[in-house]
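Residue-level structure breakdown
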Amino acid sequence: MTNRRLTILILAAVGLVAAGCGSSDSVLTGTPSPTGTDVTTTGTTSTGTTTTGTTATTSTGSGPTTSVEGTTFTDPAGKYSIVVPPSWISAQDTPKAWFLDDKKDDFRENVNILTETIPSSLDLDSYVDLSISKAPGMIREFSVKQREKITLDSGQTAYRLVYTGSPNNVPAELSFTFLAVVAVEDGTAVTLTMTAPKETFEATVDKNWPAVRTLTVK
């Protein structure tokens with residue numbers, strides 16, 4: 001991998017959003033710097049509500065039972081909440097996005113969450129199908145490696161997808177693996193995307209999956 005400190009790869013630019021079927025968050029984009037500096041990220045400046053104190057959540061869906069401690073982040077529009085562990089670092093000037101560690105290496109693994117207002121007739125399966133059909137236009141060599149329905153800690157049904165590719169807004173030689181968790185509730189689609197290089201993807205998901213499963217669509 002080239003010596004670049006890439007920061008947030010925002011879902012609206014690189015991931016699974018069924019663009020055009022409704023209104024969505026402001027598009028946040030970044031451009032890799034050839035000099036090794038961080039990506040410049042632009043977009044909304046709204047911030048969510050973080051509940052102070054410690055929250056313990058027990059996973060009850062698929063997978064091992066795990067507890068996660070952290071603070072509850074609530075979307076400023078009130079469309080979702082998620083427990084944010086102490087190890088997640090808020091991305092400055094980028095709402096609804098977090099770095100997963102403080103290492104200043106070639107790429108900082110990250111999580112971002114975007115929402116979209118969709119027609120009430122569009123259910124979870126249809127939304128995911130539409131998102132996947134549009135993804136090759138945003139990601140070179142897009143390939144879905146895993147697609148399964150899961151139950152979040154809230155009891156809500158969601159899709160868990162793992163896919164690979166090279167986003168159009170980064171150099172072609174840089175390829176990543178993505179985890180997306182997609183949920184739909186009352187005309188709102190919420191997509192959480194975790195991005196990591198393939199070398200660190202599995203370890204990153206294993207460490208952060210309990211927190212990801214606390215995603216709750218309002």
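Let us look at the structure shown here. All residue numbers refer to positions counted from 1 along the written sequence of the respective chain. Where totals are concerned, whole chains, interfaces and linings use all residues; where local detail is concerned, this predicted model gives features only for residues with pLDDT of at least 70, and gives and counts side-chain atom pairs only at 80 or more. As a rule here, side-chain values cover all heavy atoms of the structure and leave hydrogens and water aside.

1. Topic: the pairing of strand E9 (residues 139–151)
Note the threshold: A strand pair is defined by DSSP finding two or more bridges across the two strands. Labels follow the DSSP assignment, with helices taken as runs of H or I lasting at least four residues and strands as runs of E lasting at least two, numbered in each case from the N terminus.
Across 10 bridges, the pairing between E9 and strand E10 (residues 157–167) is antiparallel. Of the residues in E10, the one forming a bridge with Lys-149 is Tyr-159. The hairpin formed by E9 and E10 contains five residues between the paired strands, and Gly-155 there has a positive phi angle of roughly 95 degrees.

2. A short note on the environment of Leu-179
Using the following cut-off: Relative accessibility under 20% of the residue-type maximum defines a buried residue, over 50% an exposed one, and the middle range a partly exposed one, all with a 1.4 Å probe and only protein chains included. Every residue pair with non-hydrogen atoms within 4.5 Å of one another is taken to be in contact.
On the secondary structure map, Leu-179 appears in strand E11 (residues 176–185). Overall, Leu-179 belongs to the buried group, its relative accessible area being 0%. Separated by 30 residues in the primary sequence, Leu-179 and Trp-209 have C-alpha atoms spaced 9.9 Å apart. Here Leu-179 is in contact with Arg-160, Leu-161, Val-162, Leu-192, Thr-193, Met-194, Phe-201, Val-205 and Trp-209, once residues within four sequence places are set aside.

3. Notes on the nonpolar core
Stated formally: Joining through side-chain atoms within 4.5 Å is the link that ties buried Ala, Val, Leu, Ile, Met, Phe, Trp, Tyr and Cys residues into a set, and such a set is a nonpolar core.
Of all hydrophobic cores here, the largest spans 28 residues; its most connected members are Ile-82, Trp-88, Trp-98, Val-111, Ile-113 and Leu-215. When residues of this core are traced back to their parent elements, those giving at least two are strand E4 (67–74), strand E5 (80–84), strand E8 (110–117), E10, E11, strand E12 (188–196) and helix H3 (201–212). Not counting chain neighbours up to four residues away, the residues in contact with Leu-215 comprise Tyr-80, Ser-81, Ile-82, Ile-113, Leu-152, Ser-154, Gln-156, Val-181, Val-190 and Leu-192. Residues Tyr-127, Ala-135, Val-170 and Ala-189 belong to the second largest nonpolar core, which totals 22 residues.

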